[in-house]
Amino acid sequence: MRLCWVVDVFDGVKTGGVISARRFVEALRRRHEVTVVTGGPPGPGRVSLPAFYVPGFRRVMREMGFPFALPRRRLLEDAFARADVVHVQFPFPLGVRAASIARRMGKPLVAAFHVQPENMLRNVGLGSGPLARWLSARTYRLFLRTLYRRADAVVCPSEFAAAELRRHGLAAPAEVISNGIAPSFRPQARERPERHRGRFLVLAVGRLAREKRLDVVVEGVRRSRHAGRIQLVVTGRGPEEARVIRLAAALPVPAEVTFVSDEDLTGLLSTADVLVHASEVELEGMAVLEAMGCGLPALIADAPHSASPALAASPALLFRPGDPGDLAARLDALVDDPALLRDARQRCLEMAPAYALEESVRRLEAVYRRVARPAELTRAGARAG
């Protein structure tokens, strides 16, 4: 098939929706012709668009490393002309404009749900009060009206994500397809670095942003009875980096706050004792998936606006969201009873195959074939006529 992926950012950014796009496109290109329409420099197999920041949100967008791509009608029309399916990754101005053009051109449209309004609002300083809930509901309606109701199929990374869209009024077919675990995230025999030996190694992985609740992670470690032997390693970049470094420096064992390559990340995931995932807003939780792939259990905030609790290896690996005291108690239980982690590791290895990236790619290909078939039949009829 000839596929056209529309995604504001494709390079460099460590956000789940962008990482997922890169992995899916790389896998799809083994069997299909894939053109990426994105902001940033030109390159093979891509259509380059100018990038821009929204006035008033420039600082936040720059800190997140996520500019929008400026829709250019002619470039989008040219890119879609040969496409069998147009795939829109984000419900931002580029995706909305791409959806409008694809529909006008009669191109089958698949839209992905990777942006949770609650997530966006927390990034700009709004919590979960009445104003935030009102804005969240309005944003869902906007996303549905401008993108998802126009799509032939909507791809959601979890049952939770699909239920959220349906709850807000989605009527289009919703397909649950996990972001998947890339093949590089697998159990590996790695030796711990010297500096981590003799410690209980706790990881926190992801964007250093407010909604990831790294303040809860650090405070939970600080309150642990075993804080003097816990080494916390926080990996990622983002607007909260300076604050996280400041908080982490005050721990009995100062935390490491760093940015690592995927190769180094698999090393950490293969040698750590547990991942702590305190985020309260998640459509799936790629850090949890990657840990699972390496056989590393995750201690997860049991938050109502998060899909990640469904990935917990056992109820003992859930803690009350936003509660560092409960997190500390769960960490203490894991340190005191190593059998809990041994059993959880085995459960992770049993769960991981169901989330293999290749399986997710096959399911996405099936969606593409289904929505493309009417267009293929129309072309065949035109040729026969």
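Scope of this entry: the structure provided in the associated data block. These numbers come from a predicted model, not from an experiment.

1. Observations concerning helix α4 (residues 93-104)
- A rise of 1.5 Å per residue sets the reference length of α4, with its 12 residues, at 16 Å; its end C-alpha atoms lie 17 Å apart and thus fit the reference within 8%.
- The complete set of buried residues in α4 reads L94, G95, A98, A99, I101 and A102.
- Positioned one or two residues after α4, G106 has a phi angle of 75 degrees, which is positive.

2. Some thoughts on the sheet that holds strand β2 (residues 33-39)
- Strand order in the open sheet made by the 7 strands is β3-β2-β1-β6-β7-β8-β9, with parallel pairing throughout. The outermost strands of the open sheet, each flanked by one partner alone, are β3 (46-49) and β9 (174-176). Geometrically, the sheet is characterised by an average inter-axis angle of 20 degrees between neighbouring strands, direction not taken into account.
- Examined bridge by bridge, β2 and β3 share 4 bridges and lie parallel to one another. For V37, the partnering residue across the bridge sits in β3 and is V47.
- Each of β1 (2-6), β2, β3 and β6 (85-88) touches helix α3 (residues 73-80); the most contacted strand, β3, lies at about 170 degrees to it.
- Along the sheet face, α4 touches β1, β2, β3, β6 and β7 (109-112) and points at about 160 degrees away from the line of β6.

3. Topic: the sheet that holds strand β17 (residues 318-319)
- What the 6 strands build is an open sheet, ordered β12-β11-β10-β13-β15-β17; its pairing is parallel. Two strands close off the open sheet at either side, each with one partner strand: β12 (256-258) and β17.
- Direction of pairing for strand β10 (residues 200-205) relative to strand β11 (residues 230-235): parallel, over a ladder of 6 bridges. Its bridge partner being in β11, V205 is matched across the sheet by T235.

4. What about the pairing of strand β15 (residues 298-301)?
- The alternating pattern of β15 places A298 and I300 on one face and L299 and A301 on the opposite face, and all of these are buried.
- Relative to β15, strand β13 (residues 274-277) runs parallel, the two being bridged by 3 bridges. When the sheet's bridge partners are listed, V276 is paired in β15 with L299.
- Note: β15 against β17, 2 bridges, orientation parallel.

About the thresholds
Residues numbered from 1 in each chain as written. Predicted model: local features only at pLDDT ≥ 70, side-chain atom pairs only at ≥ 80, totals over all residues. Heavy atoms only, no water. Helix = DSSP H or I, 4+ residues; strand = E, 2+ residues; numbered from the N terminus. Expected span 1.5 Å × (residues − 1). Buried < 20%, exposed > 50% of the residue type's maximum accessible area, 1.4 Å probe, protein only. Pairing = 2+ DSSP bridges. Axes fitted to C-alpha atoms, helices over the stretch in contact; angles between N-to-C directions. Contact = heavy atoms within 4.5 Å.

Honestly, it's all geometry; don't read function into it.
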